[in-house]
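So you can see what is in the structure, the chains are spelled out below.
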Amino acid sequence: MEISRIKVPQWENHVGLLHGFMGRRGGKSIGPYAGLNVAYRVGDDPKVVSQNICDMKLAVGIHDGRVVTMRQVHGDHVVEVQDKTLKEAGEADGMITSEPDIYLGVLTADCVPILFVAPSQKLVAAVHAGWRGTLAGIAVKTVRIFNNQYGVEPSDLEVALGPSIGPCCYEVKDDVAAPLMKKWGKLTTPSVLVKQGKSFVNLRRLNRDILRAAGVPGKQLFQVGPCTSCATEDFFSYRRERAETGRQISLIGWSSV
Ligand SMILES: [Zn+2]
């Protein structure tokens, strides 16, 4: 089976930018990890995971470049990556780099993978936003780092939100809905939905609205891919599989060649 990759159509114009939201198709893992699982910490055979990462890099067209991931902990820490020999950037939920040939990868199975690019400055960032990261404001924190550390205005950013669990499937209890509404106020009106006493959260919509409020123009905010829980054949979903499942990777970076 061929590896599937969702791209942002508007980013095809950025020559040298490589990016993609991978799904579970392709790859060699079996059982609950079938097939393109790229996570070592979920119980899959590490040799097969390494093979999957290799296959994935070839499919994307990364030959000499390095894919860097992080130990994701549902926090709001964003690290700057400069070391081209690094495989893992430590404990964090966001990474930013100005270096070519470093491809920042975020692993998900329902949470929102968010890819950032500042095309003129050739900077990229990759962020993992579940409900905790969304509550902590990791998306807006990343926008501020672009601005404070690199002088990139929010209006110069383009941001894509990839496949993640939709409001169709993401029912939450009050311990999730209430803090989100308290923190983000009116921004949650379209994304925290109460139907017959049940709450459903649209994490992508909420992050999109948070990013727009932080100054990223709506026309530079893209949403690609389906609900991970609905798309059984195409994506891993932690909620759907009740914990034992793989992780898909979303990545972004500039090639120097
Ligand atoms: Zn769904």
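In this text the structure is predicted, and so the values were computed from the model without any measurement.

Chemist: Go over the coordination of the zinc ion with me, naming the residues and quoting the values.
Modeler: Protein ligation of the zinc ion involves Cys168 (SG), Cys169 (SG), Cys227 (SG) and Cys230 (SG), the donor distances falling in the range 2.3 Å. Mapped onto the sequence, the donors of the zinc ion take the spacing C-C-x57-C-x2-C. One end of the pair, cysteine 168, is in the loop between strand E10 (158–161) and strand E11 (171–172); the other, cysteine 227, is in the loop between strand E14 (221–223) and helix H6 (238–241), and 59 residues separate them in sequence. The class of cysteine 168 is exposed, set by a relative accessible area of 51%. Classification of cysteine 227 by relative accessible area gives buried; the value is 10%.

Chemist: Give a description of the state of the cysteines that names residues and reports values.
Modeler: Summed over all chains, the structure comprises zero disulfides. Unpaired in this structure, cysteine 111 has its nearest cysteine sulfur neighbour in cysteine 227, at a distance of 13 Å. The exposure class of cysteine 111 is buried, given its relative accessible area of 16%.

Chemist: Describe the side chain of serine 199, listing the residues and the values that go with them.
Modeler: The topology assignment puts serine 199 in strand E13 (residues 198–201). Discounting residues that sit within four places of it in the chain, serine 199 has contacts with Tyr170, Glu171, Val172, Ala177, Leu193 and Val194.

Chemist: Give a detailed account of the sheet that holds E11, specifying residues and quantitative values.
Modeler: The strand order E11-E13-E12 describes an open sheet built from three strands, whose pairing is antiparallel. Edge positions in the sheet fall to E11 and strand E12 (192–195), since each has one partner strand and no second. Taken together, the four bridges between E12 and E13 define a ladder with antiparallel strand orientation. By the bridge assignment for E13, leucine 193 is matched with phenylalanine 200.

Chemist: Can you break down the pattern of salt bridges residue by residue, with the values?
Modeler: For the structure shown, the criterion picks out nine salt bridges. In this structure, lysine 141 and aspartate 76 form a salt bridge, with 3.8 Å as the shortest nitrogen-oxygen distance. Note that lysine 141 is positioned in helix H3 (residues 138–150) and aspartate 76 in the loop between strand E3 (66–71) and strand E4 (78–80), a separation of 65 residues in sequence. Judged by relative accessible area, lysine 141 falls into the partly exposed class, the value being 28%. For aspartate 76, a relative accessible area of 28% gives the class partly exposed. A network of salt bridges, in which partner residues are shared, links Arg41, Arg71 and Glu88.

Chemist: Break down the packing of aromatic side chains for me, citing the residues and quoting the values.
Modeler: Enumeration according to the criterion identifies two aromatic pairs in this entry. Between tryptophan 11 and phenylalanine 222 the ring centres are 6.2 Å apart and the planes differ by 90°, which places this aromatic pair in the edge-to-face class. Residue tryptophan 11 is located in the loop between strand E1 (5–6) and strand E2 (17–22), and its partner phenylalanine 222 is located in strand E14; the two are separated by 211 residues in the primary sequence. For the pair shown, tryptophan 11 and phenylalanine 222 are each scored as buried.

Chemist: Which residues make up the nonpolar core, and what values do they have?
Modeler: Among the nonpolar cores identified, the biggest contains 37 residues, and Ile114, Phe116, Phe146, Leu157, Val159, Tyr170 and Leu211 are the most heavily contacted of them. Mapped onto this core, the elements with two or more residues apiece are strand E8 (112–118), strand E9 (123–129), H3, E10, helix H4 (174–184) and helix H5 (203–213). By residue number, the principal contributor to this core is H3, which donates six residues. When residues no more than four places from it in sequence are discounted, the contact partners of phenylalanine 146 are Ile96, Phe116, Ala118, Leu123, Val124, Ala125, Gly151, Val152 and Leu157. Grouped together as the second largest cluster of nonpolar side chains are 23 residues, Val8, Met95, Leu104 and Ala126 included.

Chemist: Got a sec to walk through the layout of surface pockets? Specific residues and values, please.
Modeler: Within this model, the largest pocket holds a volume of roughly 1200 Å³. Residue lining of the largest pocket: 37 residues in total, with Ala39, Gln72, Leu107, Thr108 and Arg247 positioned closest to the centre. Class assignment for the residues of the lining of the largest pocket results in 19 nonpolar, seven polar and eleven charged.

Chemist: Got a sec to walk through the pairing of E10? Specific residues and values, please.
Modeler: Residues Glu158 and Ala160 line one face of E10 and the alternating positions Val159 and Leu161 line the opposite face, and both faces are buried. Two strands pair when backbone bridges link them, and E8 and E10 are joined in this way by four bridges, in the antiparallel orientation. Across the sheet, the residue bridging to valine 117 is glutamate 158, located in E10. For E10 and E14, the ladder comprises three bridges, and the chain directions are parallel. Each residue of the ladder has a partner; that of valine 159, found in E14, is leucine 221.

Procedures and definitions
- Residues numbered from 1 in each chain as written.
- Predicted model: local features only at pLDDT ≥ 70, side-chain atom pairs only at ≥ 80, totals over all residues.
- Heavy atoms only, no water.
- Donors = N, O, S within 2.8 Å, 3.2 Å for Na, K, Ca; no water.
- Helix = DSSP H or I, 4+ residues; strand = E, 2+ residues; numbered from the N terminus.
- Buried < 20%, exposed > 50% of the residue type's maximum accessible area, 1.4 Å probe, protein only.
- Disulfide = S-S within 2.5 Å.
- Contact = heavy atoms within 4.5 Å.
- Pairing = 2+ DSSP bridges.
- Salt bridge = Lys/Arg side-chain N within 4 Å of Asp/Glu carboxyl O.
- Phe/Tyr/Trp six-rings, centres within 6.5 Å; stacked < 30°, edge-to-face > 60°.
- Core = buried A, V, L, I, M, F, W, Y, C linked by side-chain atoms within 4.5 Å.
- 1 Å grid on protein atoms, 1.4 Å probe; cavity = no way out; pocket = protein on both sides within 12 Å on 5 of 7 lines; lining within 4 Å.
- Points joined across faces, edges and corners; volume = space filled by probe spheres on them.
- Nonpolar A, V, L, I, M, F, W, Y, C, P; charged D, E, K, R; others polar.

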